[in-house]
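Understanding the architecture of this molecule
As a plain string of letters, each chain reads:
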Amino acid sequence: ALSNINLDINDMESVVVSGLSGSGKSTFCLAAAGLLETFPAAVIQGEVVRHKRDDGSSPVISVVLQNFYSQITYLRSTVMEEIAFPCENLGLPRQETARRVAEVIEKIRIGHIADRNPLELSGGEKQKVVLAAALAVKPDLLILDEPLSQLDPETMAYLGDIRAELRREMSLLIAENDPYLTIKVADRLVVLSDGSVIADGPPETAVNPLTESHLDLPAWTECMVQASGKGLIKPKAESPSYELDYKKAITALRNAK
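Residues numbered from 1 in each chain as written. Predicted model: local features only at pLDDT ≥ 70, side-chain atom pairs only at ≥ 80, totals over all residues. Heavy atoms only, no water.

1. Quick look at the pattern of salt bridges
Overall, the coordinates contain nine salt bridges when judged by the stated rule. Between arginine 76 and glutamate 88 there is a salt bridge whose closest N-O contact spans 3.1 Å. One end of the pair, arginine 76, is in the loop between strand 4 (61-64) and helix 2 (79-89); the other, glutamate 88, is in helix 2, and 12 residues separate them in sequence. Among the residues examined, arginine 76 registers a relative accessible area of 23% and is labelled partly exposed. One salt bridge connects lysine 107 with glutamate 169, and the closest N-O pair in it is separated by 3.2 Å. Taken as a pair, lysine 107 in helix 3 (residues 94-108) and glutamate 169 in the loop between helix 5 (153-166) and strand 6 (171-175) lie far apart in primary sequence, 62 residues in all. (Salt bridge = Lys/Arg side-chain N within 4 Å of Asp/Glu carboxyl O. Helix = DSSP H or I, 4+ residues; strand = E, 2+ residues; numbered from the N terminus. Buried < 20%, exposed > 50% of the residue type's maximum accessible area, 1.4 Å probe, protein only.)

This is the structure in C-alpha cells:
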C-alpha cells in the first residue's frame, strides 16, 4: 500500500496529505500513528511511539479515523464521559480531566450535546465528539483522516478555523482533499499516488500541472465551482475572508483553469 516513504514533520508543523481514492492516505495515517505492526512506527521527539520512556510516559498521538464511528466506545452514557475516557486511560487526576473536558467542549462548541447519550447523536455530532476526545489528551501529534467528511459547510468552516488555531499547539497530519482546509491550515501539501509521494512542499508549489490529475476534488466542491461560475453563489457579508480563501483554494487546486 505504501512504497519508499520517509517523511519528517517538524514541531508545530501542519502537513496535509492528498491524493486520489486508493492512493494510500488512510494507510499512511495508520502507519504514522504506529498502528500497523508491519511498518516501522513513527518517531516523535526522538521516541518510537510504541516504546515507553523510562518514566513510563510516551509521546502522545491522537488519531481521528475516517471511520470515526468505530472510535466511540458507547460504554459511557454521556458525551462528557466519552470525552473523559482517554484522559482516564492516561491516569490523569479527576480535576485535570474535568478541566480538559470542559475546555474542549467549549472549543468544539458542543456544550448543547454534552449531557446527551452518544448513541443518539448524528454522524456530524459524533465526529465532533471524537475530535474533542482526541484533543482532550493534548497530543504531540494529531492525525486526522478526512476529518470534514460528515460535517455541514458552516461547521466545516468553523472547524477549519479551529484547526488553524491548533497549528500553534501541536503538529498536525491531515489526510484531506478539501481545498479550503488545505489552504487554511497546510504548511506543506504532500501528494500521494499509488502509495508513493509525488510532491511535497507548500500548497502553491505542490499543486501543479504534473500533480493536478492526482488530486481528487470533492463532489460538492465541483458543484460550488460550477455554481460560482454561473453567478449563483454570492459571498456572505459576515464571512468575506472565508469566501476569499475558498476561491483561492479552488483556483489553486484547479490550476487556474
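Don't stop here, the text continues.
2. Brief notes about the pairing of strand 1 (residues 14-18)
Most of strand 1 sits out of view: five of its five residues are buried. On strand 1, burial covers both faces: Ser14, Val16 and Ser18 on one face and Val15 and Val17 on the other are all buried. Alignment of strand 1 against strand 6, held across four bridges, turns out to be parallel. The residue of strand 6 that forms the bridge with valine 17 is alanine 175. Sheet analysis places strand 1 next to strand 7 (residues 188-193), joined by four bridges and oriented parallel. Counterpart to valine 15 in the pairing with strand 7 is arginine 188. (Pairing = 2+ DSSP bridges.)

3. Observations regarding the sheet that holds strand 4
Read across the open sheet, the six strands follow the order 4-5-6-1-7-8; overall the sheet is mixed. Two strands bound the open sheet, and with one partner strand each, they are strand 4 and strand 8 (196-201). Neighbour-to-neighbour, the strand axes of the sheet open up by a mean angle of 15°, direction not taken into account. (Axes fitted to C-alpha atoms, helices over the stretch in contact; angles between N-to-C directions.)

4. Quick look at the confidence of the model for the protein chain
Confidence in the prediction for the protein chain averages 78 pLDDT; 67% of positions are at 70 or higher. Within the protein chain, helix 2 carries the highest mean pLDDT (93), whereas helix 9 (residues 240-253) carries the lowest (49). (pLDDT = per-residue confidence, 0-100.)

5. What to know about helix 2
When helix 2 is considered as a whole, its buried residues turn out to be Val79, Glu82, Ile83, Ala84 and Cys87. Where helix 2 terminates, the next one or two residues include glycine 91, which has phi positive at roughly 75°.

6. Points about the nonpolar core
In terms of nonpolar packing, the biggest core is built from 40 residues, with Ile83, Ile108, Ile110, Leu131, Leu135, Leu142 and Leu166 touching the most fellow members. Of all the secondary-structure elements, those providing two or more residues to this core are helix 2, helix 3, helix 4 (123-136), strand 5 (141-145), helix 5, strand 6 and strand 7. The element that contributes the greatest number of residues to this core is helix 4, accounting for seven residues. In this structure, Val63, Ile143, Ala175 and Leu192 belong to the second largest nonpolar core, which totals 16 residues. (Core = buried A, V, L, I, M, F, W, Y, C linked by side-chain atoms within 4.5 Å.)

7. Examining unusual backbone geometry
Look at asparagine 4: it is not a glycine, yet its phi comes out positive at around 55°. Turning to its location among the elements, asparagine 4 is positioned in the segment before strand 1. Of note in this structure, lysine 138 is not a glycine but carries a positive phi near 50°. Among the secondary structure elements, lysine 138 is positioned in the loop between helix 4 and strand 5. Accessibility expressed as a relative area gives 38% for lysine 138, which makes it partly exposed.

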